[in-house]
Amino acid sequence: MSSSIYGDYIKSVIRTVPDWPQPGVNFRDITPLLQNSAAFRKLIDSFVHRYQELEVDAIAAIDARGFIVGAPLAYELGCSFVPVRKKGKLPFRTISETYTLEYGESTVELHADAFREQDRIVLIDDIIATGGTMLAAASLIQRSGGHVVETATILDLPELGGSTKIREAGYSVFAVCSFTEDE
């Protein structure tokens, strides 16, 4: 897995909130990253520099925090932005993919006409934890005829196994930074 030249800096700006939302969990809060204009610029630049020389037709971003990075990235790359939404949020004909969560299921959707055959897509979200959302979204893109060039995220939590599952499913993974449980 690759990381950004700004990775250590970005990581230093992300806040760790211990014991939230439950005891024993270290929540990685990206809010300070968004509030710091220099850090946010470096974050977006990390993705722009990664993809600016690739032929990318669209950035597909996962609801909702993926939108924060996906929209400015699409703008900078001069390509389209496609939202992958939670079930029931898109107004037109959709395709959906249901995936398993730790305690239940969730569903993501995509407009059925979001991509043309063989469009080259970068799929982006804020975090990779268990990988379920990213894999479900990648499946939607492939089902719609698109080709996932790479999956990308602000931060990876490798100990939860998501990035490994994504790579094992045949997708490349790019994370600006990663955290282990004890960091």
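Above this text is the structure in question.
Predicted model, so just to flag it, every value in this text is computed and none were measured.

## Focus: the packing of aromatic side chains
Line of reasoning, step 1. According to the stated counting rule, one finds four aromatic pairs in the structure shown.
Line of reasoning, step 2. On the numbers, 4.9 Å between centres and 80° between planes, the contact of Trp20 with Phe27 is edge-to-face.
Line of reasoning, step 3. The class for Trp20 is partly exposed, based on a relative accessible area of 46%.
Line of reasoning, step 4. Exposure remark for Phe27: the relative accessible area of 27% places this residue in the partly exposed category.
Line of reasoning, step 5. With 5.8 Å between their ring centres and 80° between their planes, Phe47 and Phe174 make a pair best called edge-to-face. A residue pair is termed long-range when its members are at least 10 positions apart, and Phe47 in helix H3 (residues 37–51) and Phe174 in strand S9 (residues 173–178) qualify at 127 residues.

## Side note on the packing of H3 against helix H4 (residues 65–77)
Packed helix pairs are specified by the crossing angle of their axes together with the interaxial distance, meaning the distance between the axes.
Line of reasoning, step 1. Where H3 meets H4, the closest approach of the two axes is 10 Å, and the angle between their N-to-C directions is 55°. If you check the angle between H3 and H4, you find them oblique. Here H3 runs over H4; the crossing is right-handed. Touching Phe40, Leu43, Ile44, Phe47, Val48 and Tyr51 of H3 are Ile68, Val69, Pro72, Leu73, Glu76 and Leu77, all from H4.
Line of reasoning, step 2. Among the residues making up the contact of H3 with H4, the classes are represented as eleven nonpolar, no polar and one charged.

## A look at the layout of surface pockets
Empty pockets left among the atoms are what a rolling probe the size of a water molecule brings to light.
Line of reasoning, step 1. Its boundaries defined by the atoms lining it, the largest pocket holds a volume of some 1500 Å³.
Line of reasoning, step 2. Forming the walls of the largest pocket are 44 residues, and the residues nearest its centre are Ile127, Ala129, Thr130, Leu157 and Leu160.
Line of reasoning, step 3. Within the residue set of the lining of the largest pocket, elements represented by two or more residues are strand S2 (26–29), H4, strand S4 (80–86), strand S5 (94–101), strand S6 (104–111), strand S7 (120–128) and helix H5 (132–143).
Line of reasoning, step 4. Its residues assigned to classes, the lining of the largest pocket comprises 20 nonpolar, 13 polar and eleven charged.

## Focus: the nonpolar core
Line of reasoning, step 1. Core analysis: the biggest nonpolar cluster contains 28 residues, and Phe47 and Ile154 have the highest contact counts within it.
Line of reasoning, step 2. Counting only elements with at least two residues in this core, the list comes to helix H1 (7–13), H3, strand S3 (58–62), H4, S7, strand S8 (147–156) and S9.
Line of reasoning, step 3. The greatest single-element share of this core, amounting to six residues, is contributed by H3.
Line of reasoning, step 4. Each residue touching Phe47, except ones within four places of it in the same chain, is listed here: Val69, Leu73, Ile124, Ala152, Thr153, Ile154, Phe174 and Val176.
Line of reasoning, step 5. Within the second largest apolar cluster, 23 residues are counted, among which are Ile95, Ala136, Ile141 and Tyr171.

## Overview of H4
Line of reasoning, step 1. Counted at 1.5 Å a residue, the expected span for H4 with its 13 residues is 18 Å, and the 19 Å between its end C-alpha atoms agrees.
Line of reasoning, step 2. Considered for burial, the residues of H4 that qualify are Gly66, Val69, Gly70, Leu73 and Ala74. Down the axis of H4, the sector holding all buried residues measures 130°, keeping them to one side.
Line of reasoning, step 3. Gly78 lies just past H4 and shows a positive phi near 70°.

## A few points about the side chain of Asp29
Line of reasoning, step 1. Summarising the element assignment, Asp29 is placed in strand S2.
Line of reasoning, step 2. Owing to a relative accessible area of 11%, Asp29 belongs among the buried residues under this scheme.
Line of reasoning, step 3. A distance of 2.7 Å separates a polar atom in the side chain of Asp29 from a polar atom in the side chain of Thr31.
Line of reasoning, step 4. Not counting the four nearest positions on each side in its chain, Asp29 is found in contact with Ile14, Arg15 and Val17.

Basis of the calculations
Residues numbered from 1 in each chain as written. Predicted model: local features only at pLDDT ≥ 70, side-chain atom pairs only at ≥ 80, totals over all residues. Heavy atoms only, no water. Phe/Tyr/Trp six-rings, centres within 6.5 Å; stacked < 30°, edge-to-face > 60°. Buried < 20%, exposed > 50% of the residue type's maximum accessible area, 1.4 Å probe, protein only. Helix = DSSP H or I, 4+ residues; strand = E, 2+ residues; numbered from the N terminus. Axes fitted to C-alpha atoms, helices over the stretch in contact; angles between N-to-C directions. Parallel < 35°, antiparallel > 145°, perpendicular 65-115°, else oblique. Left-handed = near helix turned anticlockwise from the far one by under 90°. Contact = heavy atoms within 4.5 Å. Nonpolar A, V, L, I, M, F, W, Y, C, P; charged D, E, K, R; others polar. 1 Å grid on protein atoms, 1.4 Å probe; cavity = no way out; pocket = protein on both sides within 12 Å on 5 of 7 lines; lining within 4 Å. Points joined across faces, edges and corners; volume = space filled by probe spheres on them. Core = buried A, V, L, I, M, F, W, Y, C linked by side-chain atoms within 4.5 Å. Expected span 1.5 Å × (residues − 1). Arc of directions from axis to C-beta. Polar contact = N/O pair within 3.5 Å; in protein donor to acceptor, adjacent residues only side chain to side chain.

By themselves, these observations are geometric and do not establish any function.
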